[in-house]
Amino acid sequence: MTKHPQALKVVITDDETPARSRVRDLLEDCASSFPIELVGEAASGRELLALLAKTPADVVLLDIRMPEMDGLEAAQHLLKLPDPPSVIFTTAYDDYALKAFELHAVDYLVKPIRLRRLHDALTRARAITPLSLDVLQRIAPEPRKHLSVQERGKVMLIAVSDIRYLRAELKYVTVRTATREHLVEESLSRLEQEFTDQFVRIHRSCLVAKAHILGFEKDAMEPGESHWTVMLNGLDEKLPVSRRQQHIVKEFGRNLL
Amino acid sequence: MASINQNPTATLLPNFRNLGVMLRMLVIITALTVIAAMLKSSSWSGFLQQWFAIAAVVQPIAILSVLLLGASNSWLHKLEYRAAVVLIVFAELAITLLVLRFGALILESEMEDAGRYVFFSVATTLILIGYFNLRNRALSPALAEARLQALQARIRPHFLFNSINAVLSLIRANPRRAEAALEDMADLFRVLMADNRDLAPLENEVELCRQYLALEQLRLGDRLQIDWHVDNMPKDALMPPLVLQPLLENAVYHGIEPSIEPGVVSVNIYHVRDQVHMVLRNPYRKDGSHHAGNKMALGNIRERLALHFDAEASLRARVGDSEYEVHITIPYVKADE
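Here is what the cut-offs are and how they apply
- Residues numbered from 1 in each chain as written.
- Chains lettered and ligands numbered in written order.
- Predicted model: local features only at pLDDT ≥ 70, side-chain atom pairs only at ≥ 80, totals over all residues.
- Helix = DSSP H or I, 4+ residues; strand = E, 2+ residues; numbered from the N terminus.
- Contact = placed C-beta atoms within 7 Å.
- Buried ≥ 20, exposed ≤ 12 C-beta atoms within 10 Å, placed from the backbone.
- Pairing = 2+ DSSP bridges.
- Axes fitted to C-alpha atoms, helices over the stretch in contact; angles between N-to-C directions.
- Core = buried A, V, L, I, M, F, W, Y, C linked by C-beta atoms within 7 Å.
- Parallel < 35°, antiparallel > 145°, perpendicular 65-115°, else oblique.
- Left-handed = near helix turned anticlockwise from the far one by under 90°.
- Nonpolar A, V, L, I, M, F, W, Y, C, P; charged D, E, K, R; others polar.
- pLDDT = per-residue confidence, 0-100.

1. Focus: the overall build of chain B
Part 1: Helix and strand content of chain B: 11 helices and 7 strands.
Part 2: Partitioning the contacts of chain B with sequence separation of at least 6, the portion at a separation of at least 24 is 76%.

Take a look at the structure:
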């Protein structure tokens, strides 16, 4: 694998060492017919994002089932990069994912990967249409474990479990953790759908993390008309609960949330 | 090797040494004495009196029968079914007459309804033999089914493909390890494809588990650590095959794969008097998301244990804060000499 100026820059992502070494062997075989440069290997989605922040790549070979952050989630965060690489998923056996890939014409390789298939996929790689966030979200069977924002050419990850609340602004959603705020370009209703088990809507424009709710308080600032506010772990801010969502106060009391 | 399906006698005649079978016999006999007492009496106090009188004769017969049948179990199973049935009926007749004779000696008077007891005894014997015959017939398709389930539940495609991938990745760099891995795979699949109705020695199962874990270690490396405590295991204890291996597969799938950090799977096998205990532990995180499959495997194993050991085997799963534990108890049964 020479450092040819036009070499295709490839990154391998797999949590299993032998799986990575097998792909490495196959890439070497492919390199005899066109220039390929292996720019790095990663053992998880997180490592991949860190690697790409430093070393840009043309193609990522991405395993689906990995601990901490699976391939489908990593692919979604990748799209935040200024010049996202093409993604070719690799998977050993996952009927669900394969069906979804067929349906949305996403590129994938079934393990054990055949030299011929890898060769073809890489030849096409530069022409691969970038994945759309929309498709990836539809394919992913589970909610993401992180949200991501782009900051100075890097993808920054925010663990969903750290988030206190999500509030819709004009075009963005404010993501509040105990320490700071981030702006993400996603829609609140989409986030509500994805994280329906972890978040609850307290207001037309606000979702709070169930796990961080400390309690509810009657706020009687304005005389005559009191309303409920929610207190969150680690935040001084009290967020108003709208009249329509007041039933959640009762549900919280009965441990139904 | 003890087999559940060797000859018709083995299938139709129950295992008289099984606690579940003994209990069933005693419960049915007692139920019949209650019915007899009800038929003979008109009032509540009369019923109790009658029942005690009947039980005083029937219970010694029942207990003696259970003991005698238990003692002659393996011998009875070698006979032809009809011969065994005839022998059992005569044995029961003898026990009944003996108990009646003995009772007469104690009471110093002849039992007035001795004839009725003899009839009751023979009838109950026939009813019980018929009952166990039907029950075993009803269960034998279940045993065939159990074999099938064992097959289907075991071959998790996930594992098959992962192993093939791991071996492929070794071939160029380390051909010898690749060879060893393929040998392990061959052994594993030989057992997976075998007719798994027969009980097999515990040491075979443990060997199978070692081969399986060696394959998993190929691809998971240091992430999979195994803690064996099997030095005191009864190697000759018989158990249904593929009970521990699928549980270890679960342990790897749910306990090791979801984390980048190394995790320990521990296997602890020992015996306390007549019981063999097998305890498997693996790390566990509450946010794990594949649960249905796990319950299916547990249900399948529990069913097979029950088919082979009835009430004498148990499987308990416990979820701790950071640990998952499965504890299996089976009776310590050795292969016939």
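2. A word on the overall build of chain A
Part 1: Of regular secondary structure, chain A possesses 8 helices and 15 strands.
Part 2: When the 257 residues of chain A are sorted by exposure, 35% land in the buried category.

3. Overview of the sheet that holds strand β5 (residues 275–283) of chain B
All names here are of chain B.
Part 1: Spatially, 5 strands are ordered β2-β4-β5-β7-β6 in an open sheet, and the strand pairing comes out mixed. The open sheet terminates on both sides in strands that have one partner only, identified here as β2 (224–229) and β6 (314–319). On average, adjacent strands in this sheet sit at an angle of 10° to one another, irrespective of strand direction.
Part 2: Note that β6 and strand β7 (residues 323–331) share 6 bridges and pair antiparallel. The partner of Ser314 across the bridge, within β7, is Thr329.

4. A word on the environment of Ala56 of chain B
Part 1: Here Ala56 of chain B lies in helix α3 (residues 44–71).
Part 2: Residues Ala56 of chain B and Gly103 of chain B lie 47 residues apart in sequence; the distance between their C-alpha atoms is 9.3 Å.

5. Details of the sheet that holds strand β1 (residues 8–13) of chain A
All names here are of chain A.
Part 1: Pairing within the open sheet is parallel, and its 5 strands lie in the order β2-β1-β3-β4-β5. The open sheet has two edge strands, β2 (36–42) and β5 (108–110), and neither has a second partner. When strand polarity is set aside, the average angle formed by the axes of neighbouring strands in this sheet is 20°.
Part 2: Here strand β4 (residues 86–91) pairs with β5 via 3 bridges, running parallel. Bridging from a neighbouring strand, Thr91 pairs with Val110 of β5.
Part 3: Strand contacts of helix α3 (residues 71–78): β3 (59–63) and β4, with the helix running at about 150° to β3, the strand carrying the most contacts.
Part 4: The strands touched by helix α5 (residues 115–125) are β1, β2, β3, β4 and β5; relative to β5, the strand with the most contacts, the crossing angle is about 175°.

6. With respect to the pairing of strand β11 (residues 199–203) of chain A
Residue and element names in this part refer to chain A.
Part 1: As defined by bridge partners, β11 adjoins strand β12 (residues 206–209) across 4 bridges and the pair is classed as antiparallel. Each bridged residue has a counterpart across the sheet, and for Arg201 the counterpart in β12 is Leu207.
Part 2: What sits between the antiparallel neighbours β11 and β12 is a turn of 2 residues.

7. A short note on unusual backbone geometry
Part 1: Put simply, Lys111 of chain A and Pro112 of chain A share a cis peptide bond, and its omega is -5°.
Part 2: With respect to the helices and strands, Pro112 of chain A occurs in the loop between β5 and α5.
Part 3: A positive phi is found at Arg273 of chain B, a non-glycine position, where the angle reads about 50°.
Part 4: As for its position among the elements, Arg273 of chain B is in the loop between β4 (263–272) and β5.

8. Quick notes on the interface of chain B and chain A
Part 1: Listed per partner, the contact involves 21 residues of chain B and 16 residues of chain A.
Part 2: Examining the composition of the side of chain B that touches chain A, we find that 12 residues originate from one element, helix α7 (residues 157–173) of chain B, more than from any other.

9. Quick notes on the nonpolar core
Part 1: In terms of nonpolar packing, the biggest core is built from 44 residues, with Tyr212, Met239, Leu248, Val252, Leu280 and Ile330 of chain B touching the most fellow members.
Part 2: Top contributing element to this core by residue count: helix α9 (residues 202–220) of chain B, with 8 residues.
Part 3: Each residue touching Met239 of chain B, except ones within four places of it in the same chain, is listed here: Leu199, Ala200, Leu202, Glu205 and Ile330 of chain B.
Part 4: Judged by nonpolar contacts, the second largest core, of 42 residues, contains Leu62, Met69, Ala75 and Leu136 of chain A.

10. A word on the environment of Ser169 of chain B
Part 1: Relative to the assigned elements, Ser169 of chain B resides in helix α7.
Part 2: Look at Ser169 of chain B and you get buried, because 25 C-beta atoms sit within 10 Å.
Part 3: Along the backbone, Ser169 of chain B and Leu218 of chain B are 49 residues apart, and their C-alpha atoms lie at a distance of 9.8 Å.
Part 4: The residues contacting Ser169 of chain B, other than those within four sequence positions of it, are Pro18, Ala19, Ser21 and Arg22 of chain A.

11. Brief notes about the packing of α3 of chain B against helix α5 (residues 81–107) of chain B
Angle between the axes and distance between the axes are the two parameters that describe a pair of packed helices.
Residues and elements named next belong to chain B.
Part 1: α5 packs onto α3 with a crossing angle of 140° between their chain directions and a minimal axis gap of 10 Å. In terms of their interaxial angle, α3 and α5 are classed as oblique. Seen along the crossing, α3 lies across α5 with a hand that is right-handed. Contacts between α3 and α5 involve Val57, Pro60, Ile61, Leu64, Ser65 and Leu68 on the former and, on the latter, Ala91, Glu92, Ile95, Thr96, Val99 and Gly103.
Part 2: In terms of residue class, the contact of α3 with α5 is built from 8 nonpolar, 3 polar and 1 charged.

12. Thoughts on the pairing of β4 of chain A
In summary, the side chains of a regular strand alternate between the two faces of the sheet.
Part 1: Burial analysis of β4 of chain A places 6 of its 6 residues in the buried class, which makes it a mostly covered element.
Part 2: Residues Ser86, Ile88 and Thr90 of chain A point to one face of β4 of chain A and Val87, Phe89 and Thr91 of chain A to the other, with burial holding for every one of them.

13. Let's talk about the packing of helix α2 (residues 19–40) of chain B against α3 of chain B
Residues and elements named next belong to chain B.
Part 1: Orientation of α2 relative to α3, taken along the N-to-C sense of each, is 155°, at an axis distance of 9 Å. When the axes of α2 and α3 are compared, the pair comes out roughly antiparallel. The interaxial crossing formed by α2 with α3 has right-handed handedness. For the pair α2 and α3, the contacting residues are Met22, Met25, Leu26, Ile29, Thr33, Val34, Ala36, Ala37, Met38 and Lys40 in the first and Phe47, Gln50, Trp51, Ile54, Ala55, Val58, Ala62 and Val66 in the second.
Part 2: When grouped by side-chain class, the residues that make up the contact of α2 with α3 number 15 nonpolar, 2 polar and 1 charged.

14. Section: the confidence of the model for chain B
Residue and element names in this part refer to chain B.
Part 1: Averaged over chain B, the pLDDT score is 84; the fraction of residues at 70 or greater is 86%.
Part 2: Here residues 1–6 scores under 50 on pLDDT; set against residues more than four positions off or in separate chains, the count is 18 contacts.
Part 3: For this predicted complex, the interface confidence reaches an ipTM of 0.70, while the overall pTM sits at 0.69.

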